[in-house]
Amino acid sequence: MNKKDNFIADINNGYSSKGDSIILGGAILDGEPIAEAHVKIPLKTLNRHGLIAGATGTGKTKTIQVFSEQLSNAGIPVLMMDIKGDFSGIAKEGKEEGFITERHAKINIPYNVSAFPVELMSLSKQSGVRLRATVSEFGPVLFSRILDLNDTQAGVVAVIFKYCDDKQMPLLDLKDIKKVINYITEEGKDEIAASYGKISTATTGTILRKIIELEQQGGDLFFGELSFETDDLMRIDENGKGYVNIIRLTDIQDKPKLFSTFMLSLLAEIYQKMPEKGDAEQPELVIFIDEAHLIFNEASKALLEQIETIVKLIRSKGVGVYFVTQNPMDVPSGVLAQLGLKIQHALRAFTANDRQAIKKTADNYPTSQYYKTDELLTSLGIGEALVTALNEKGIPTPLVATMMRAPQSRMDILSASEIDEINGKSKLVKKYAEEIDRESAFEILTKKLNEAAEVASQQEEQAPARSSKSEPSTATVVGKSVLKVVTSATFIRGVFGVLNKIFKK
């Protein structure tokens, strides 16, 4: 056989599967698409996680769109984090253009337009399904890691959660935990010391500042009720298509703390609530995290370890996580090692550092007799990518340059009126629209402090009249106060410090 025939045989053997699969596109050899060789990814392996990478403008967004469409067609729900606002068009049919028809003819894949069931979601006050979680649902360990606390500070957070559990005070939003911190530092410090040990005000002050930082990034909007139920991500429509749940994050892309907080809490919640699936025939849910570097660049070491742990474990629940970023080096090596599918669009080599990064990227892919990987990485066209995956036996597939198929849905965003139309028909928007502020730690402690103040006021009114013993004069009080200040150690150290500077001059 000649080179082309060998290539076709290798690709078809490497990307064959006994079970159902999705087709990403057609193979490319020597710059030409090969109609007889399709790049198929078995559904069974999609819980092995993946990476979609490439420079700006190389086609990552369309690849995610195609991937999501094919998953939806297979009845697999999708959750995508839309940082730039690119994906809402999935809800509407695309338009058949000449260049699309020609592209699909080259790779021998039929093309037809289609719309897909979509839910638009938000962490902020944008229109859509509101996503919230309570502080209690995070638990002390995860909440401490989100705030990047040390062991001592995390121990105090654990005490706060335990105290609230013992006193049956729900921690629902950030004002609840702030109120508890203020209480245990001031009025309730003796009560806490008696039952849980003394707590340093310096420690509680640091925790409070960290919470305020999170609050300023929008955490006050995220923490609260009604908590989002992860089962609502797993819906299938009446036509058997999986819902594409799009979290619109355009207004929080400059708030990485809130973004990483939400992502980690979501993964932890899914892991805790979903049953074990083992090696099922297809995943229960696939998650796309766009602009993943926003998470990893800002994450503490403890948070990175938590993400890595959850990514390792969550696949057994039938959940696939796909990180989308410009450079594969943005993803920590511990996470990168867990990824089974890699779709690499073109990279740009403008500097020596760029060329070095490209060489490292090429080393992460299987060697191929058909390609010089490092050279190909800089010569791929728009909508073309290097692909390698795992077959049904868990063996890496051959590296293949791929002409990606075109999206069936609209390759543009929805208008404001179209967004309103989708939200108006959504059952979930109505379900999560109401903000619930039931009695929690804030209200319970406020009531307790008010009652204590009222009792103290009554006792003061009922106290016997003061003794007729003459009160010291104002001059005497002021004199004693001045004398106390002048003889204090702090004042003396300050005076000697000033004199020392004068004498040095």
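Note that the structure is predicted; figures quoted are calculated from it, not measured.

Student: Is there a simple way to explain the sheet that holds strand β3 (residues 50–53) in this structure?
Tutor: Think of a sheet as strands paired side by side through backbone hydrogen bonds, with each pair either parallel or antiparallel. An order of β2-β1-β12-β11-β10-β3-β9-β8-β4-β7-β5-β6 is seen for the twelve strands of this open sheet, with the pairing classed as mixed. The open sheet has two free edges, formed respectively by β2 (32–42) and β6 (129–130), since each of these has just one partner strand.

Student: Help me out: how do you make sense of the pairing of strand β8 (residues 285–289) in this one?
Tutor: Within a regular strand, side chains alternate between the sheet's two faces. The buried fraction of β8 amounts to five of the five residues, a majority that puts the element mostly inside the structure. Of the two faces of β8, the one carrying Leu-285, Ile-287 and Ile-289 and the one carrying Val-286 and Phe-288 are both buried. Across four bridges, strand β4 (residues 78–82) lies against β8 in parallel orientation. Bridge pairing in β8 links Met-81 to Ile-289.

Student: Can you walk me through empty space enclosed by the protein in this structure?
Tutor: Empty space among the atoms can be located by rolling a probe the size of a water molecule over them. In total, this model carries three cavities of 30 Å³ or more according to the counting rule given. In this model, the largest cavity occupies a volume close to 40 Å³. Along the walls of the largest cavity sit Leu-51, Pro-328, Leu-336, Lys-342, Thr-361, Asn-364 and Tyr-365, which together make up its complete lining. For the lining of the largest cavity, the residue count by class is four nonpolar, two polar and one charged.

Student: It is not clear to me how the nonpolar core should be interpreted in this structure. Could you clarify?
Tutor: By size, the foremost hydrophobic cluster in this structure holds 76 residues, and its most contacted members are Met-81, Phe-143, Ile-177, Ile-289 and Phe-323. Considering each element in turn, this core owes the most residues, nine residues, to helix α9 (residues 256–273). Setting aside residues up to four positions removed in sequence, Phe-323 forms contacts with Gly-50, Leu-51, Ile-52, Ile-289, Ala-292, Phe-296, Val-311, Val-331, Val-335 and Leu-339. With 60 residues, the next largest nonpolar core counts Leu-29, Val-324, Ala-385 and Met-404 among its residues.

Student: Honestly, the packing of aromatic side chains in this entry has me stumped. Any pointers?
Tutor: Working definition: an aromatic ring pair is given by the centre-to-centre distance plus the angle between the planes. Per the stated rule, a full pass over the model turns up 13 aromatic pairs. Ring centres 6.3 Å apart and planes at 90° place the aromatic pair Phe-7 and Tyr-371 in the edge-to-face group. Remark: Tyr-371 occurs in the loop between α13 (352–363) and α14 (373–377) and Phe-7 occurs in helix α1 (residues 3–14); sequence separation between them is 364 residues. With respect to class, Phe-7 is no different from Tyr-371; both count as buried. Ring geometry for Phe-288 against Tyr-322: centres 5.6 Å apart, planes inclined by 35°, an arrangement best described as tilted.

Student: What should I look at first to understand the layout of surface pockets in this one?
Tutor: In this structure, the largest pocket spans a volume of roughly 370 Å³. Pro-117, Val-118, Tyr-243, Ile-422 and Lys-425 are, among the 18 residues lining the largest pocket, the residues nearest its centre. For the lining of the largest pocket, the secondary structure elements donating two or more residues are β5 (118–122) and α15 (416–425). The leading source of residues in the lining of the largest pocket is α15, at three residues. Residue classes in the lining of the largest pocket are distributed as seven nonpolar, two polar and nine charged.

Student: Help me understand the side chain of Ser-426 in this model?
Tutor: Position of Ser-426 relative to the elements: it lies in the loop between α15 and α16 (427–432). What makes Ser-426 buried here is its relative accessible area of 3%. Once residues within four sequence positions are removed from consideration, Ser-426 is found in contact with Glu-119 and Val-129.

Student: I'm lost on the confidence of the model for the chain in this one. Help?
Tutor: Caution is warranted with low-pLDDT regions, since their predicted coordinates should not be read in detail. Looking at the chain, the pLDDT average stands at 85 and 89% of residues meet or exceed 70. Here helix α19 (residues 489–504) is the element of the chain with the lowest mean pLDDT, 46, and strand β12 (residues 400–404) is the one with the highest, 97. This stretch, residues 477–493, has a pLDDT under 50; its non-local contacts, to residues over four places away or in other chains, come to five contacts.

Student: Help me understand α13 in this model?
Tutor: Each α-helix turn comprises 3.6 residues. Residues three or four places apart therefore point the same way. An ideal rise of 1.5 Å per residue puts 16 Å on twelve residues; α13 measures up with 17 Å between its terminal C-alpha atoms. Every buried residue of α13 is listed here: Ala-357, Ile-358, Thr-361 and Ala-362. Buried residues of α13, viewed axially, fall in a sector of 140°; they line one side. The exposed set on the far side of α13, more than 90 degrees from its buried face, consists of Ala-352, Asn-353, Lys-359 and Asp-363. Packed against the buried residues of α13 are β10 (341–344) and α14.

Student: Honestly, the side chain of Thr-230 in this entry has me stumped. Any pointers?
Tutor: Note on placement: Thr-230 falls in the loop between α8 (201–222) and β7 (244–248). Overall, the relative accessible area of 4% leaves Thr-230 in the buried class. When neighbours within four sequence positions are excluded, Thr-230 is seen to be in contact with Leu-266, Glu-269, Ile-270 and Lys-273.

Student: I tried to follow the packing of helix α4 (residues 135–147) against helix α5 (residues 151–166) on my own but got confused; where do I start?
Tutor: The relative placement of two packed helices is expressed as an angle between their axes plus a distance between the axes. Packing of α4 against α5 brings their axes to within 8 Å, and their N-to-C directions diverge by 155°. Judged on the interaxial angle alone, α5 and α4 are roughly antiparallel. When the axes of α4 and α5 are compared, the crossing they make is left-handed. Residues Val-135, Ser-136, Gly-139, Pro-140, Phe-143 and Ser-144 of α4 form the contact with α5, whose own contacting residues are Ala-154, Val-157, Ala-158 and Phe-161. When grouped by side-chain class, the residues that make up the contact of α4 with α5 number seven nonpolar, three polar and no charged.

Rules of the game
Residues numbered from 1 in each chain as written. Predicted model: local features only at pLDDT ≥ 70, side-chain atom pairs only at ≥ 80, totals over all residues. Heavy atoms only, no water. Pairing = 2+ DSSP bridges. Helix = DSSP H or I, 4+ residues; strand = E, 2+ residues; numbered from the N terminus. Buried < 20%, exposed > 50% of the residue type's maximum accessible area, 1.4 Å probe, protein only. 1 Å grid on protein atoms, 1.4 Å probe; cavity = no way out; pocket = protein on both sides within 12 Å on 5 of 7 lines; lining within 4 Å. Points joined across faces, edges and corners; volume = space filled by probe spheres on them. Nonpolar A, V, L, I, M, F, W, Y, C, P; charged D, E, K, R; others polar. Core = buried A, V, L, I, M, F, W, Y, C linked by side-chain atoms within 4.5 Å. Contact = heavy atoms within 4.5 Å. Phe/Tyr/Trp six-rings, centres within 6.5 Å; stacked < 30°, edge-to-face > 60°. pLDDT = per-residue confidence, 0-100. Expected span 1.5 Å × (residues − 1). Arc of directions from axis to C-beta. Axes fitted to C-alpha atoms, helices over the stretch in contact; angles between N-to-C directions. Parallel < 35°, antiparallel > 145°, perpendicular 65-115°, else oblique. Left-handed = near helix turned anticlockwise from the far one by under 90°.

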